[in-house]
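Residues per chain are reported as follows:
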Amino acid sequence: MSSGKVDGVFRMRSLGTATAGITDQYADGKAAKVWQLYIGDQSSRTQNYKTFLVNLLRQKRVSTILDTACGTGVDSVMLLEEGFQMTSSDASDKMLKVAHKTRWERRKEERFEDWVIEEANWLTLEDDIEKPQGGFDAVICMGNSFAHLPDFHGDQRDHIKCFQNFSNMVKPGGIFIIDHRNYDYILANGKSPAKNIYYNSSHIQDIKTSVLYVNNKPNLITLDYFMNVEEQYADSNQFRLSYYPHTLQGFGDLCKQAFGPRAKHTVYADFKPLNVEPEPSFYIHVVEKPL
């Protein structure tokens, strides 16, 4: 089934709201600006997130990183500023325009001149991105980005293919970091946990949650965001994002299938050990590829 057919039955996202990993059919250039309002001030990216990610990458002696869901470049910029060598990709050329603009404006700064930005799709990642000899030290896919990819065939074949591509881009001994919302909580309670560990936006007024079931199985979770924005964005004060409801167990199975039984797989809950945060907003999976 094509993404167009899915949207014809139940619109997956607002017109102009880009997603990574599937065709950017609706991007009209406005989405990237609204997205910046949604995520809040880049400089106020939650310190817990930055500390967790940067410390983990340094502990693993990472130098080269592939950000497979860079969007407008928020995380990539953060990591460039910390001295990492970045290759950043997204399926949305409209979102990437913001990243390109940032690279140009900061081109005289260390690391930014060598920042590689490519349009790429997770399903064809190996064809779209040139990887270093042996692979990247780390591949990341953050911000609940992967859940934007629907299960068009009902057997998760596209999800499995993407995870295999992620694995192939990581060098032996390297790490893969990916996250997703706590969909177990959403399915059980009909709403998202109130807190957000990534975004500090003051523009969000309300979030409404809907769950679409197909053959009595949850197939799509839709979040409708209602925002308080300036007059210039008045026609975009609402937007919709939809996600495949990955359970913690199911997502772990995808990791293990792609990286093999010898891979070390650790799950964090809002950047804390699982037993410390019983009802997190997000789960973060860290997979160490065997040598």
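It should be emphasised that the depicted structure is a prediction, and the values quoted were computed from it without experimental measurement.

About the criteria used
- Residues numbered from 1 in each chain as written.
- Predicted model: local features only at pLDDT ≥ 70, side-chain atom pairs only at ≥ 80, totals over all residues.
- Heavy atoms only, no water.
- Helix = DSSP H or I, 4+ residues; strand = E, 2+ residues; numbered from the N terminus.
- Buried < 20%, exposed > 50% of the residue type's maximum accessible area, 1.4 Å probe, protein only.
- Contact = heavy atoms within 4.5 Å.
- Salt bridge = Lys/Arg side-chain N within 4 Å of Asp/Glu carboxyl O.
- Phe/Tyr/Trp six-rings, centres within 6.5 Å; stacked < 30°, edge-to-face > 60°.
- Polar contact = N/O pair within 3.5 Å; in protein donor to acceptor, adjacent residues only side chain to side chain.
- Expected span 1.5 Å × (residues − 1).
- pLDDT = per-residue confidence, 0-100.

Draft legend 1. The arrangement of the side chain of His246 in detail. With respect to the element layout, His246 can be found in the loop between strand 8 (238-243) and helix 9 (248-259). Judged by relative accessible area, His246 falls into the buried class, the value being 2%. Excluding anything up to four places from it in sequence, His246 contacts Phe146, Ala147, Gln156, His159, His180, Tyr183, Asp184, Phe251 and Leu254.

Draft legend 2. Geometry of the pattern of salt bridges. Summed over all chains, the structure comprises 11 salt bridges. Note that Lys50 is salt-bridged to Glu82, the shortest N-O span being 3.3 Å. Taken together, the residues Lys50 in helix 3 (residues 47-59) and Glu82 in the loop between helix 4 (74-81) and strand 2 (85-90) connect sequence positions 32 residues apart. The salt bridge involving Glu288 is made with Lys60; its shortest N-O contact spans 3.1 Å. Here Glu288 is found in strand 11 (residues 282-288), whereas its partner Lys60 is found in the loop between helix 3 and strand 1 (64-67), with 228 residues between them in sequence. Each member of the salt-bridge network shares a partner with another, and the members are Lys50, Arg58 and Glu82.

Draft legend 3. A look at the packing of aromatic side chains. According to the stated counting rule, one finds 15 aromatic pairs in the structure shown. Their ring planes at 65° and their centres at 5.9 Å tell us that Phe146 and Phe166 sit as a pair that is edge-to-face. On the criterion of sequence distance, the pair formed by Phe146 in the loop between strand 4 (136-141) and helix 7 (157-169) and Phe166 in helix 7 is long-range, its members being 20 residues apart. Each member of the pair, Phe146 together with Phe166, is buried.

Draft legend 4. Structural context of the environment of Val287. Looking at the secondary structure, you find Val287 in strand 11. Residues Val287 and Ala138, spaced 149 residues apart in sequence, show a C-alpha to C-alpha distance of 9.9 Å.

Draft legend 5. Region of the structure containing unusual backbone geometry. For Asn216, which is not glycine, the phi torsion reads 65° and is therefore positive. Structurally, Asn216 can be placed in the loop between strand 6 (204-214) and strand 7 (217-227).

Draft legend 6. The side chain of Asn165, seen in detail. Positionally, Asn165 belongs in helix 7. Here Asn165 falls in the buried class, since its relative accessible area comes to 3%. In terms of polar contacts, Asn165 uses its side chain to reach the backbone carbonyl oxygen of Leu123, at 3.2 Å. Ignoring anything within four residues of it in the chain, the contact list for Asn165 reads Trp122, Leu123, Thr124, Leu125 and Glu126.

Draft legend 7. Examining helix 7 more closely. Compared with the 18 Å implied by 1.5 Å per residue over 13 residues, the 19 Å span of helix 7 between its first and last C-alpha is a close match. For helix 7, the full list of buried residues reads Asp158, His159, Cys162, Phe163, Asn165, Phe166, Ser167 and Met169. Turning to helix 7, the residues buried within the fold contact strand 1, helix 6 (125-128), strand 4, strand 5 (170-181) and helix 9.

Draft legend 8. Main features of the confidence of the model for the chain. On average, residues of the chain score 84 in pLDDT, and 78% of them are at 70 or above. Taken as a whole, residues 1-31 scores under 50 in pLDDT and shows 76 contacts with residues more than four places along the chain or in a different chain.

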